[in-house]
Amino acid sequence: MTNSDNMNAIVINEYGDESKLTEQSIPVPDIHPDQVLVKVVSIGVNPIDWKTRSGLRQERYPFKFPIVLGQEMAGIVSQVGSQVSGFKPGDAVVGYGTPSNRGTYAEFYAVDADKLAHKPITVSFQTAAGLSLAGTTAWEALFDAGQLKRGQTVLILAGSGGVGGMAIQLAKNAGAHVLTTTSSPNVSFVTQLGADKVIDYTQANFADHVKNVDLVFDTLGGQNQLDAFKVVKPGGRIISIVETLPETTELGKQHEVYFEKINAAPRHEVISQLSAQLGAGKLKIKIAKQLPFTVENVQAMHRQSETGHVLVN
């Protein structure tokens, strides 16, 4: 379907700092037969966005300019492709797409239908926009790669972050015993999310207080990744979403621990299960800040995202 109308988007025309973000009028994207055109209501800003903006991902994704950043959103279906079933114009949806140069920082977003789910009627678009990317990352780390099961023990590093906080809740909902690390101001927060034991990393090293866990979910890397091998039982697993250190292969053999670094990918069945839990009140999404969609606010959100927060506008 061809749409000759233009839309407002926030784009970059070169790599650099947040000042490279600018507003531009570009064509509304056409959709393929298996895609949905979504009128974007709210977006999530994630670290992957500023990493793309700064050029850190250009070798992996050599996009043509202008680049519209963003992968995560909630909105209303505007058009559906000829091969799409399960969605119709007017449906409220949530989801995230694969990396492209036509992301969610725009009035309209073309996305594969199998990367969407219906938004729960019980939550706002702003809340739902922060669900898909962090939720999918946590889900795939815990249950697909991590093979976490009811009654097992999982250590989630950095439980107050967007992905970590989602992982605490998903693991707890699945019947696991949940340990996590965070700093003093966030101990109460992660406890409310469901953590059974919290290690304040400003006061202690988790490796001195945790033993024989079934799974470590590493969202930090560095020395934390290496220390994780000290706390996993033989036959256990460490699943990471950050860069793998060269020592992990030898440590895995030494400790009889399976290690894997994953790259999460959007999937309808996972996002649908996340949406169902969110709608049932079983998941809480921490919204660091809500701001109108302007260049200045998106720049501010990028600056804040570089501190490690997940933000939703």
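Residues numbered from 1 in each chain as written. Predicted model: local features only at pLDDT ≥ 70, side-chain atom pairs only at ≥ 80, totals over all residues. Heavy atoms only, no water.

### Let's talk about helix α8 (residues 268–279)
Taking 1.5 Å as the rise per residue, α8 with 12 residues should run 16 Å; its terminal C-alpha atoms sit 16 Å apart, in good agreement. Within α8 the residues assigned to the buried category are V270, I271, L274, S275, Q277 and L278. Mapping the buried residues of α8 onto a view down its axis gives an arc of 165°, with all of them on the same face. Among the structural elements, β6 (92–96), β8 (116–118), α2 (125–128), α3 (132–145) and α4 (162–173) are those in contact with the buried residues of α8. Of the residues trailing α8, G281 is marked for its positive phi of about 80°. (Helix = DSSP H or I, 4+ residues; strand = E, 2+ residues; numbered from the N terminus. Expected span 1.5 Å × (residues − 1). Buried < 20%, exposed > 50% of the residue type's maximum accessible area, 1.4 Å probe, protein only. Arc of directions from axis to C-beta. Contact = heavy atoms within 4.5 Å.)

### Here we look at the sheet that holds strand β13 (residues 232–240)
Within the open sheet, the 6 strands sit side by side as β11-β10-β9-β12-β13-β14. Their pairing is parallel. Looking at which strands have only one partner, the edges of the open sheet turn out to be β11 (197–200) and β14 (258–261). Neighbour to neighbour, the strand axes of the sheet diverge by 15° on average, direction disregarded. In the packing of α4 onto the sheet, contacts are made with β9 (153–156), β10 (177–182) and β12 (213–218), and the angle to β9 comes to roughly 170°. (Pairing = 2+ DSSP bridges. Axes fitted to C-alpha atoms, helices over the stretch in contact; angles between N-to-C directions.)

### Considerations on the environment of Y15
Structurally, the position occupied by Y15 is in the loop between β1 (6–12) and β2 (22–27). Sequence separation between Y15 and V93 is 78 residues; the distance between their C-alpha atoms is 31 Å. Leave out the neighbours within four places in its chain, and Y15 touches K20, T52, R53, S54, G55, Q58, Y61, F63, F65 and I67.

### Side note on the pairing of β9
Side-chain alternation along β9 places T153 and L155 on one buried face and V154 and I156 on a second face that is also buried. In terms of strand pairing, β9 meets β10 through 4 bridges, oriented parallel. Looking at the pairing, V154 lines up with V178 of β10. What joins β9 to β10 is α4, and the crossover it makes is right-handed. With 3 bridges joining them, β9 and β12 adopt parallel strand pairing. What sits directly across from I156, in β12, is F217. (Right-handed = clockwise from strand over helix to strand, strands pointing away.)

### Things to note about the side chain of D91
Mapped onto the elements, D91 comes out in the loop between β5 (72–80) and β6. A polar contact of 2.9 Å, which involves the side chain of D91, links it to the backbone nitrogen of K88. A distance of 3.3 Å separates polar atoms of two side chains, one belonging to D91 and the other to H118. Excluding anything up to four places from it in sequence, D91 contacts G75, I76, V77, G86 and H118. (Polar contact = N/O pair within 3.5 Å; in protein donor to acceptor, adjacent residues only side chain to side chain.)

### With respect to helix α7 (residues 248–255)
Given 3.6 residues per turn, any residue in an α-helix points the same way as the ones three and four places further on. For α7, every residue scored as buried is listed here: T248, L251 and G252. The buried residues of α7 all sit within an arc of 105° when viewed along its axis, so they share a single face. Looking at α7, the residues exposed on the side facing more than 90 degrees away from the buried face are T249, E250, K253 and Q254. Each element contacted by the buried residues of α7 is listed here: α6 (223–228) and β14. In the segment just after α7, E256 is the residue with positive phi, at about 55°.

### Concerning the packing of α3 against α4
Two elements in contact, α3 and α4, have axes whose closest approach is 8 Å; the angle formed by their N-to-C orientations is 55°. Judged on the interaxial angle alone, α4 and α3 are oblique. When you trace α3 past α4, the crossing you get is right-handed. Contacts between α3 and α4 involve A134, G135, T137, A138, W139, L142 and F143 from the first element and G162, V163, M166, A167, L170 and A171 from the second. Its residues assigned to classes, the contact of α3 with α4 shows 10 nonpolar, 3 polar and no charged. (Parallel < 35°, antiparallel > 145°, perpendicular 65-115°, else oblique. Left-handed = near helix turned anticlockwise from the far one by under 90°. Nonpolar A, V, L, I, M, F, W, Y, C, P; charged D, E, K, R; others polar.)

### Some thoughts on the nonpolar core
Burial of nonpolar side chains together is a common tendency in soluble globular proteins. By size, the foremost hydrophobic cluster in this structure holds 40 residues, and its most contacted members are L142, L148, V154, I156, L170, A171 and F217. Taken together, the elements giving at least two residues each to this core come down to β6, α3, β9, α4, α5 (187–193), β12 and α8. By residue number, the principal contributor to this core is α3, which donates 8 residues. Residue contacts for V154: discarding those within four places in its chain leaves L142, L148, A171, A176, H177, V178, L179 and L215. With 36 residues, the next largest nonpolar core counts A9, L21, L37 and M73 among its residues. (Core = buried A, V, L, I, M, F, W, Y, C linked by side-chain atoms within 4.5 Å.)

### Looking at the sheet that holds β1
If you trace the 3 strands from one edge of the open sheet to the other, you get β2-β1-β4, paired in antiparallel fashion. Whereas interior strands pair on both sides, the edge strands pair on one side only; in this sheet they are β2 and β4 (67–68). Two strands pair when backbone bridges link them, and β1 and β4 are joined in this way by 2 bridges, in the antiparallel orientation. Looking across to β4, one finds that V11 is bridged to V68.

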